[in-house]
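A structural walkthrough
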Amino acid sequence: MPAPDYLAATNVGDAVVGSSVIDFDHYWHLKQLYRNGDGVAYPSIKAAGCSWRFHYYPNGVSSSCKDYVSIFVALDSRLSQPIKAWSRFTLVDQNAEPVPGHSVYTDVMESSEVGATHGCDLFIRRKFLEASKHLHNGCFHIIWDVFVDWPPLLSDLLDTDVVFQVAGEEFSANRSVLASRSPVFQAELFSATREDGPAAGDCIRIDDMLPEVFESLLYFAYEDSLPEMIDLEESMMAEQLLLAADRFDMHELKCICEEMLCSYINEDTVAKMLRFAEQHHCRLLRDACIEFLEDPTVLQAVMATDDDLLEVVAKSCPVLLKELWADEDDSMQDELAMCYTVSEEIC
């Protein structure tokens, strides 16, 4: 599995560059396991503002390169606009020093689609690699430099005429853009009681919101997508962004945040997620939680650690409890039927 020993990001001209040392191990095993044309896809890693997934072909990606190792990288990020990206693969020795004559640039890929690839089919001849000291204990290393040329952000092209202060940080924006994305911003920035709304350069305070959350909200308002997030922060950011989307009545952003939160549903989080969904009227997230709890074993396991979940599930989807306790006494059935009727009226 390729594992980045280090990751760095710099700028070369207009391109953002991510660099890392990648380890390819289990060379002999994978060579026997995968035939020519077959490859292995590795876990996603982040570089130059995007997520990428390596595809490694130990016996070449096609019949024309059957004597070579082929390496490709695929875009693994959802992007709203196409990027131009290309890579340089450099074989290194055991001291992580470049091996002369074994550095290759790929063609330029221009795409915004997940799975779009670029790479090198004739990266290194297998006979050379196997006879060299660069293959040690079934492992060899490369330096991977990825170059990404991003399109200019809409926020860089438009004038700003309003300033927001969020927890001590200031953000400038174009009020027409914000008003077009949010009826709440529309009312605030073009209030009929203030002639044409706040004057250019006005500062609007926003309380009870993290600056990074508001920054992501502004990014979405301009770019119709979210900035790249690291996995550790995505769940927290999605929850906070959903609250912000609710506050500013940005329905599309709220739906995206619900979809992100759905991917974090498990036995440890489902009770919290379901309560959150009920509190903030998140039908998509609520339905995903209910679907997860449809397994009686899972439902019983979660309820064993959460005494109050029974009431939440009864309000959200009491039919689950009816199925779980099909053999219980009539009074329980009557109570669940009543809950089901009430929940239908609420929905």
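Residues numbered from 1 in each chain as written. Predicted model: local features only at pLDDT ≥ 70, side-chain atom pairs only at ≥ 80, totals over all residues. Heavy atoms only, no water.

Points about the overall build of the protein
We count it as follows: For helices the rule is a DSSP run of H or I covering at least 4 residues; for strands it is a run of E covering at least 2, with both sets numbered from the N terminus onward. Only protein chains enter the accessibility calculation, which uses a 1.4 Å probe. A residue is then buried if its area is under 20% of the maximum for its type, exposed if over 50%, and partly exposed in between. Method for areas: the Shrake-Rupley scheme with a 1.4 Å probe, in which residue coverage is limited to the protein chains shown.
The helix and strand tally for the protein stands at 14 helices and 14 strands. Here the protein, with 347 residues, has 45% of them falling under the buried criterion. For the protein, the accessible area works out to roughly 18400 Å², and carbon and sulfur atoms hold 49% of it.

Observations regarding the packing of aromatic side chains
Aromatic ring pairs are described here by two measures, namely the spacing of the ring centres and the angle between the planes. Our working rule: Any two rings among Phe, Tyr and Trp, with Trp reduced to its six-membered ring, count as a pair given centres within 6.5 Å; such a pair is stacked if its planes are under 30 degrees apart, edge-to-face if over 60, and tilted if neither.
All told, the structure shown has 19 aromatic pairs when counted by the stated rule. On the basis of an interplanar angle of 35° and a centroid distance of 5.1 Å, the ring pair of Phe 24 and Tyr 56 is categorised as tilted. On the criterion of sequence distance, the pair formed by Phe 24 in strand β2 (residues 15-24) and Tyr 56 in strand β5 (residues 50-57) is long-range, its members being 32 residues apart. In this structure, Phe 24 and Tyr 56 share a single accessibility class: buried. Every member of this aromatic cluster is reached through a ring pair, and the members are Phe 24, Tyr 27, Trp 28, Tyr 42, Trp 52, Phe 54, Tyr 56, Phe 89, Phe 123, Phe 140 and Trp 144.

Details of the confidence of the model for the protein
Worth spelling out the cut-off: The quantity known as pLDDT measures the predictor's confidence residue by residue, on a range of 0 to 100. Here, residues are in contact when the closest pair of their heavy atoms is within 4.5 Å.
With 80% of its residues at a pLDDT of 70 or more, the protein shows a mean pLDDT of 82. Low pLDDT, under 50, characterises residues 192-197; the stretch is placed with nine contacts to residues that sit more than four places away or in other chains.

So, the nonpolar core
Cut-off, in case you're wondering: What is meant by a nonpolar core is a set of buried Ala, Val, Leu, Ile, Met, Phe, Trp, Tyr and Cys residues, joined one to another through side-chain atoms within 4.5 Å.
Ranked by size, the top nonpolar core spans 53 residues in total, and within it Phe 164, Phe 214, Leu 217, Leu 241, Leu 253, Leu 285 and Leu 309 carry the most contacts. At seven residues, helix α6 (residues 211-223) tops the list of elements feeding residues into this core. If sequence neighbours within four positions are ignored, Leu 309 has contacts with Ala 271, Leu 274, Arg 275, Leu 299, Val 302 and Met 303. Residues Ala 48, Cys 50, Val 69 and Ile 83 belong to the second largest nonpolar core, which totals 35 residues.

Focus on the layout of surface pockets
For the record, the criterion: Both cavities and pockets are sets of points on a 1 Å grid over the protein atoms alone; in a cavity a 1.4 Å probe fits but cannot get out, in a pocket the set is open with protein on both sides within 12 Å along at least five of seven lines, and lining residues sit with an atom within 4 Å of a point. Grid points are joined across faces, edges and corners, and a volume is the space filled by probe spheres set on the points. All amino acids are sorted into three groups, where Ala, Val, Leu, Ile, Met, Phe, Trp, Tyr, Cys and Pro are nonpolar, Asp, Glu, Lys and Arg are charged, and the leftover types, Gly among them, are polar.
When its volume is computed, the largest pocket comes out at roughly 880 Å³. Lining the largest pocket are 30 residues, with Ser 77, Arg 78, Leu 226, Pro 227 and Glu 228 sitting closest to its centre. Elements represented by at least two residues in the lining of the largest pocket include exactly β4 (45-47), β5, α6, α7 (231-247) and α8 (251-262). Considering each element in turn, the lining of the largest pocket owes the most residues, three residues, to α8. For the lining of the largest pocket, a count of residues per class yields twelve nonpolar, eight polar and ten charged.

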